[in-house]
Structure formats: structure tokens, C-alpha cells
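One letter stands for each residue in the lines below.
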Amino acid sequence: MNLAFLADGDPSKGIGHLVRALSLALELSSEQEIAFFSASDSGLVRKIEAQLRPFYPEAKIQIKNSPALAGSWEESAAVAFALLEGSTYSALIIDGKYPWGPERLGTLREKGKVVLIDYFLGEGESCDALLFPTNHADLERVSEWEKRQPVYHGIPYTWLHPEVRRLSQARVPAEQRARVLVTMGGADPKNRTQEAIEWLNCLGVREIDVVVGPANKFGQEIRQAMENIGSQARCI
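This write-up is about the structure you can find in this document.

Rules and cut-offs
Numbers given to residues run from 1 along each chain, matching the order in which its sequence is written. Residues qualify for local features only when their pLDDT is at least 70, as the model is predicted, and side-chain atom pairs are given and counted only at 80 or more; totals for whole chains, interfaces and linings, by contrast, use all residues. Side-chain measures were taken over the full set of non-hydrogen atoms in the model, leaving aside hydrogen atoms and water. Under the scheme used here, helices are H or I runs from DSSP no shorter than 4 residues and strands are E runs no shorter than 2 residues, and both carry numbers assigned from the N terminus. Buried, partly exposed and exposed residues are distinguished by accessible area as a fraction of the type maximum, computed with a 1.4 Å probe on protein chains only: under 20%, between the cut-offs, and over 50%, respectively. Pairing between strands requires that DSSP locate at least two bridges from one strand to the other. A clockwise course of the path from the first strand over the helix to the second, judged with the strands pointing away from the viewer, identifies a crossover as right-handed. One speaks of a salt bridge when a side-chain nitrogen belonging to Lys or Arg is within 4 Å of a carboxyl oxygen belonging to Asp or Glu. By nonpolar core is meant a set of buried Ala, Val, Leu, Ile, Met, Phe, Trp, Tyr and Cys residues that side-chain atoms within 4.5 Å join together. It only takes one pair of heavy atoms within 4.5 Å for two residues to be counted as in contact. Stacked, tilted and edge-to-face pairs are distinguished by plane angle, under 30 degrees for stacked and over 60 for edge-to-face with tilted covering the rest, among Phe, Tyr and Trp rings (Trp via its six-membered ring) whose centres lie within 6.5 Å.

**Things to note about the environment of L24**
In step 1: With respect to the secondary-structure elements, L24 resides in helix α1 (residues 16-28).
In step 2: Judged by its relative accessible area of 9%, L24 is buried.

**Structural notes on the pairing of strand β2 (residues 33-38)**
In step 1: Most of β2 is tucked away, with 5 of its 6 residues classed as buried.
In step 2: One ladder, built from 5 bridges, connects strand β1 (residues 2-7) with β2; its direction is parallel. Along β2, the bridge assignment pairs F5 with F36.
In step 3: For the crossover from β1 across α1 to β2, the handedness is right-handed.
In step 4: Bridge count for β2 against strand β3 (residues 61-65) is 5 bridges, and the pairing is parallel. Residue pairing in the sheet places S38 in a bridge with N65 of β3.
In step 5: One crossover worth recording links β2 to the parallel β3 by way of helix α2 (residues 42-52), and it is right-handed.

**Here's the deal with the pattern of salt bridges**
In step 1: Scanning the model with the defined rule gives 8 salt bridges in all.
In step 2: Two residues, D209 and R234, come together in a salt bridge whose shortest N-O distance is 2.7 Å. In this pair, D209 sits in strand β9 (residues 208-211) while R234 sits in strand β10 (residues 234-235), placing the two residues 25 residues apart along the sequence.
In step 3: Of the residues examined, R234 reaches a relative accessible area of 41% and is grouped as partly exposed.
In step 4: One network of salt bridges, with partners in common, ties together R20, D95 and D118.

**Some thoughts on the nonpolar core**
In step 1: If you look at the biggest cluster of nonpolar residues, it comprises 30 residues, and the most contacted ones within it are L92, W100 and L116.
In step 2: Counting only elements with at least two residues in this core, the list comes to β1, β2, α3 (73-85), β4 (91-95), α4 (102-111), β5 (113-117), β6 (129-132) and α5 (139-145).
In step 3: The element contributing the most residues to this core is α3, with 7 residues.
In step 4: Those residues within four positions of L116 in sequence are excluded, and the remaining contacts are I94, W100, L105, L121, C127, A129, L130 and L131.
In step 5: Counting residues in each nonpolar core, the second largest holds 28 residues, with L24, Y56, I61 and I63 among its members.

**A word on the pairing of β6**
In step 1: Neither face of β6 is open: one carries A129 and L131, the other L130 and F132, and all of them are buried.
In step 2: As paired elements, β5 and β6 share 3 bridges and run parallel to each other. Bridging from a neighbouring strand, V115 pairs with A129 of β6.
In step 3: In terms of strand pairing, β6 meets strand β7 (residues 151-153) through 3 bridges, oriented parallel. Of the residues in β7, the one forming a bridge with L130 is V151.

**A word on the packing of aromatic side chains**
Aromatic ring pairs are reported here in terms of the distance separating the ring centres and the angle at which the planes meet.
In step 1: Applying the stated criterion to the full structure yields 5 aromatic pairs.
In step 2: With centroids separated by 6.1 Å and ring planes inclined at 20 degrees, the aromatic side chains of F5 and F36 adopt a geometry described as stacked. Taken together, the residues span a long stretch of sequence, with F5 in strand β1 and F36 in strand β2 at a distance of 31 residues. The residues F5 and F36 share a single accessibility class, namely buried.
In step 3: Centroid distance F37 to Y89: 5.9 Å. Interplanar angle 90 degrees. Geometry classified as edge-to-face. One end of the pair, F37, is in strand β2; the other, Y89, is in the loop between α3 and β4, with 52 residues separating them in the sequence. An identical accessibility class is assigned to F37 and Y89; each is buried.
In step 4: A network of ring pairs unites the aromatic residues F120, F132 and W145 as a single cluster.

See below:
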């Protein structure tokens, strides 16, 4: 089965969709042919892939720039239809808030499988599978979605960065657990990371680990704030 991923992101609005979709694409590539389409800057996409690549040394995916995905809704939809039209790809995995609508989703599903990630289905909309890897959808709504298609909802379906996943499964001695981890995503365009660091410092919390994402433009300021706290604070 050949799979096509569609996802977008940039430092101004966040890169969570890109990181999550790329992680899943790399994970699946050992068994499937994968193409990854994005309107995002190709340099940013390849930078994220380079950071993930050591954890998936055998992975093979094609990264393709598709500026139309950043255009009007009609242009974005045309890309999706074209990918399934010629039977080049048998399934689309779409991570993003495209306003599909029942008619467009129905037409897409006539051409191939459609999996939506982090998408609030509207009335009459359905897909082949809905992946909602967060807890910000209320259970009543999830129950309604489950009547239309398989739904994978909640923290168990969150794709963690492989290194974070490894650490989360490690056995850590009790005396090393009294640290605070601050992570605000790959871009954090409003610099909430520094706000959190300063707030923790005001509370007297010094043992802090901070993740600075690959598209975070405030890295220098964050590192300076960490230095001001002292040697117990670390950027990872």
C-alpha cells in the first residue's frame, strides 16, 4: 500500500502537525511506500526529519513540497484529489484543520482510504479512521464520531518523539524525579516557554529541564533565562 501524508506548519503557528505526521510516516515506512506532502518550507521539514532520522535508520520516505496546500481551500482540496485520482496512492493521512465537508470527504473516499488526524468532524462528515491523539475532545462528541468510523482518541495514541518515549519508559530512581519538564512544542511562537521558566523561578523551583524545539526563534533568550537560574536548570 502506498500512503501519502499531508501536513503543514511553520514557526509562526507551530510545527506540531509536522513533527507528529513525520514521526508516524517514518514509523510506517518500513512496511509501506510513503510520500510526505507539505506547503511548509522544505528546509524546515528536512530539519525536523534529520532530528528524527537517527531513531528510524531504515526509514525511506519521499518529502515533496506542495505550495498549493498553503493556498485557497479549493487548491488544497485539488492536491488531495489528485493524489488519489491516478491510483498512485491508496490512502491519504491528513494532519490539519482543512474544512472538508461531507461532499468532499465522500468524493475522496470513493477514490481511496482517508485517515484524518486531529480533526473535529462536522455533521455528516466521515472518514475511514479518525485519530485524535489528545484529550481536548469531549467524550460525548467522541461517542458520536465512533458511530461513523473507528476513532482512536486520547493520550495512548499520542506519538512521542522517540527519545522522549524512551525516557518515559525508563526506570528513574526516586531521588531523580523531583524535576520539572517544560515543553511547549516545536515552535512556541508566543514564547510561553520563557514565561513558564520565569514563573517557576519566582516559585523557587530551580531543577528545570526545558525542551527548545527546532523552530523556536527564542532559543537564545530561553538559554539566557536558564543560565540566570543556575546550574540546576538544563536545556535538552
